[in-house]
Amino acid sequence: MIEQEKKRMFYGWVIVWLAFFTMLVAYSLRYNFSVFYVAILENFGWGRGETAAGFSVNLVIYALSCPVAGHLIDRFGVRKVVPAGAVLLGLTLAACSLISEIWQFYLIIGASAFGSCAMGYVPHVPMIANWFRRRRGLALGILSAGITASAIIAPAIQYLITTLGWKSAFLVLGGISAVVVAPVAAIFQRQQPNDDLEAGADRLDPARSIEEMPADDLVLDPEWASRDWTFATTVRATRFWWLILMCVFLGLYTYTFLAHQVAYLIDAGYTKPFAAGIVALFSILATVSSVFAFVSDYLGREVTFTMGSACCLGGVILLQATQDAHNPWMPYLYASIFGFGFGMTVAMMAVTSADLFQGEHLGAINGMAMACFVTGGALGPWLAGFTFDITGSYQGIFPLMYLAILASTMFIWLASPRKVRAALGKAGAKEHVTA
């Protein structure tokens, strides 16, 4: 019996990989919007700005949904909220195949955002934070990898669009969400280690089922870590607002390129399959680097985020320099560098929230941070589309993207979620709680 207990797999890893699969489906539309975007433009002949506004509508509704989803998770748990979100997303994706007017596009793609939110990042971050302490960076990195991995299926979606049409592609994605993800989440996910795992008559002992680590090794100082962070006390903390600003600027530049990179490359003279392949390469590198976020468990969140920002900056410079189809190595290098940086920075967003404000209200707190991330993400694609419609080029949006990258990096250092390790020659500084 003792030997069996020793061999029992830590169920937290089952939780993580189920969450990874759920993220893959939850963000399949958002991270492949650039592929659908071109097909919808060709089918209806709408302007780029007004069509890209559909993406912004989706992100605005998602942003408004995040605090609501966080509250629902804190109250009802992942096994009820996530399946409901998966069914809603499935129905709305299927309904996208019926659109004929742009207002219908706005309405349906907006409604899909709540389903995506209820089964996405917001419910899973506090759940995984409940299960992991010592390797929280790795676990939440895998969760983030599920989001970016959703773009790996870009060539498959492009193939469906080419052979069966964009309407069929929407139907396939909707069916997977409602028929596969919803029941799997309802049966196998668990909010915290002391939930009944329904493995025969066994019940996990909470003391043995969660990774242990002293709290003062996770965040900047023990005083901060020991506080009971309610939403009311959180919004009075200076670090929370630095976190919010980091999320806004991170969302601003990352979602701009997610929405417009395919159109940008086609304008430069590349084919649609080539551009879809660039999206897939971007996603592969972002997925790998999301898991690579485990280094933040050793180097610190700020250092890891800064490394990712430097990669993003280099990738954006390369994309701006891509003016024609004579140097195909440049889009490949852009996708590799920017994708790697994207995965690292986005992964740090969830880990930072969990480090700073761990507790029973983390769902609502993280929901607010995600709402601000997506709000920035809603503004960026619209601005890029509007700039193109006015000037006939995307070049005017690049200076804002450079500023956003630098701003997001500055604000994570101000939030200072984690002490920089002594191995880097830095000493953690104390911060008094301002609440």
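Parameters at a glance
Going along each chain's sequence as written, the residues are numbered from 1 onward. Selection of residues for local features in this predicted model requires a pLDDT of at least 70, selection of side-chain atom pairs for listing and counting requires 80 or more, and totals for whole chains, interfaces and linings are taken over all residues. Hydrogens and water are ignored here; the side-chain numbers use all heavy atoms of the structure. Working definition: a ring pair exists when centres of Phe, Tyr or Trp rings (six-membered ring for Trp) sit within 6.5 Å. Plane angles under 30 degrees give stacked, over 60 give edge-to-face, the rest tilted. Numbering of helices and strands starts at the N terminus; helices are DSSP runs of H or I of at least 4 residues and strands are runs of E of at least 2. With a 1.4 Å probe rolled over the protein chains alone, any residue whose accessible area is under 20% of its type maximum counts as buried; one over 50% counts as exposed, and the rest are partly exposed. The salt bridge definition used is simple: a Lys or Arg side-chain nitrogen within 4 Å of an Asp or Glu carboxyl oxygen. Here a residue-residue contact requires only that any non-hydrogen atoms of the pair lie within 4.5 Å. Simply put, an axis is a line fit to the C-alpha atoms, just over the touching stretch for a helix, and the angle between two N-to-C directions goes from 0 to 180 degrees. If an angle is under 35 degrees, it is roughly parallel; if it is over 145, roughly antiparallel; if it lies from 65 to 115, roughly perpendicular; otherwise it is oblique. A clockwise turn of the near helix away from the far one marks a right-handed crossing, whereas an anticlockwise turn of less than a right angle marks a left-handed crossing. Each residue gets one of three labels, nonpolar for Ala, Val, Leu, Ile, Met, Phe, Trp, Tyr, Cys and Pro, charged for Asp, Glu, Lys and Arg, and polar for the others, Gly among them. What makes a nonpolar core is a set of buried Ala, Val, Leu, Ile, Met, Phe, Trp, Tyr and Cys residues whose side-chain atoms join them at distances within 4.5 Å. The length a helix should cover is 1.5 Å for every residue beyond the first. The patches reported here contain residues having more than 30% relative accessible area and no salt bridge. Joining distances are 9 Å for like charges and 5 Å for nonpolar side chains (Val, Leu, Ile, Met, Phe, Trp, Tyr). For every accessible area listed, the method is Shrake-Rupley and the probe measures 1.4 Å; residues are considered covered only by the protein chains on display.

Peer 1: Please explain the packing of aromatic side chains as it appears in this structure.
Peer 2: For any pair of aromatic rings, the description consists of the separation of the ring centres together with the inter-plane angle of the planes. Applying the stated rule across the entire model yields 26 aromatic pairs. Centroid distance Trp-46 to Phe-105: 6.1 Å. Interplanar angle 35°. Geometry classified as tilted. Separated by 59 residues along the polypeptide, Trp-46 in the loop between α3 (33-44) and α4 (48-76) and Phe-105 in helix α6 (residues 102-118) bring together distant segments of the chain. Taken individually, Trp-46 and Phe-105 each receive the classification buried, so the pair is uniform in this respect. On the basis of an interplanar angle of 40° and a centroid distance of 4.9 Å, the ring pair of Phe-388 and Tyr-394 is categorised as tilted. Judged by relative accessible area, which is 16%, Phe-388 ranks as buried.

Peer 1: For this particular structure, what's the right way to read the pattern of salt bridges?
Peer 2: Opposite charge on two side chains permits pairing when their charged atoms draw close. For the coordinates displayed, the defined rule picks out one salt bridge. A salt bridge links Glu-42 to Lys-272, with the nearest nitrogen and oxygen atoms 2.3 Å apart. Here Glu-42 is found in helix α3, whereas its partner Lys-272 is found in helix α15 (residues 272-291), with 230 residues between them in sequence. Among the residues examined, Glu-42 registers a relative accessible area of 53% and is labelled exposed. A residue is classified by how much of its surface remains accessible, and Lys-272, at 30% relative accessible area, is partly exposed.

Peer 1: Looking at this structure, I do not really get the side chain of Ser-28. What am I missing?
Peer 2: Tracing the backbone shows Ser-28 in the loop between α2 (11-26) and α3. Overall, Ser-28 belongs to the buried group, its relative accessible area being 2%. The contacts of Ser-28, once residues within four sequence positions are left out, are Ser-150, Ile-153, Ile-157 and Leu-173.

Peer 1: How do you make sense of the packing of helix α5 (residues 78-96) against helix α10 (residues 166-188) when you look at a structure like this?
Peer 2: A pair of packed helices is characterised by two quantities: the angle between their axes and the separation of those axes. Following both chains from N to C, one finds α5 and α10 inclined at 170°, their axes separated by 7 Å at the closest point. The angle between the axes of α5 and α10 places the two elements in the roughly antiparallel class. Where α5 crosses over α10, the handedness of that crossing is left-handed. Contacts from Arg-79, Val-82, Pro-83, Ala-86, Val-87, Leu-89, Gly-90, Leu-93, Ala-94 and Cys-96 of α5 reach α10 at Trp-166, Phe-170, Leu-171, Leu-173, Gly-174, Ser-177, Ala-178, Val-181, Ala-182, Ala-185, Ala-186 and Ile-187. Classifying every residue of the contact of α5 with α10 by side-chain character gives 18 nonpolar, three polar and one charged.

Peer 1: How should I be thinking about the side chain of Thr-304 in this particular structure?
Peer 2: Following the sequence through the fold, Thr-304 ends up in helix α17 (residues 301-321). For Thr-304, the residues in contact, after removing those within four places along its chain, are Val-295, Ser-296, Leu-299, Met-344 and Met-348.

Peer 1: Just checking my understanding: could you explain the nonpolar core for this structure?
Peer 2: Most often, soluble globular proteins keep nonpolar side chains buried together rather than apart. One finds Tyr-121 and Ile-128 to be the most contacted residues of the largest nonpolar core, which totals 140 residues. When residues of this core are assigned to their parent elements, the largest contribution, 16 residues, is made by helix α14 (residues 238-267). Setting aside chain neighbours within four positions, we find Tyr-121 in contact with Met-23, Tyr-27, Tyr-62, Leu-143, Ser-144, Ile-147, Val-346, Ala-347, Met-349, Ala-350, Asn-366 and Met-370.

Peer 1: Looking at this model, I keep getting lost on helix α18 (residues 329-357). Mind explaining?
Peer 2: An α-helical turn contains 3.6 residues, so any two residues separated by three or four positions project in the same direction. Over its 29 residues, α18 extends 43 Å from the first C-alpha to the last, a length consistent with the 42 Å expected when each residue adds 1.5 Å. Burial of α18 is extensive: 23 of the 29 residues sit out of reach of the surface.

Peer 1: Is there a simple way to think about the environment of Gly-341 in this case?
Peer 2: Mapped onto the elements of the fold, Gly-341 is located in helix α18. Remark: the alpha-carbon pair of Gly-341 and Gly-315, spanning 26 residues in sequence, is separated by 8.5 Å. Those residues in contact with Gly-341 that sit more than four places away from it in its chain are Gly-308, Cys-311 and Cys-312.

Peer 1: Explanation requested: the environment of Gln-323 in the structure shown.
Peer 2: Within the secondary structure layout, Gln-323 lies in the loop between α17 and α18. Measuring from C-alpha to C-alpha, the distance between Gln-323 and Asp-267 comes to 8.6 Å, with 56 residues separating the pair along the chain. With sequence-adjacent residues up to four places away left out, Gln-323 is seen in contact with Tyr-264, Ala-268 and Gln-395.

Peer 1: Can you help me understand helix α19 (residues 362-391) in this one?
Peer 2: Along its 30 residues, α19 runs 43 Å from first to last C-alpha, staying within 8% of the 44 Å computed at 1.5 Å per residue. Counting buried residues in α19 gives 21 out of 30 residues, a clear majority hidden from the surface. Positioned one or two residues after α19, Gly-392 has a phi angle of 80°, which is positive.

Peer 1: In this structure, what is going on with a nonpolar patch on the surface? I would like to understand it.
Peer 2: On the surface, a nonpolar cluster with roughly 370 Å² of combined accessible area is contributed by Phe-21, Val-172, Ile-176, Val-179 and Val-180. Tallying contributions element by element places α10 first for the nonpolar patch, with four residues. When you line up the elements, Val-180 lands in helix α10.

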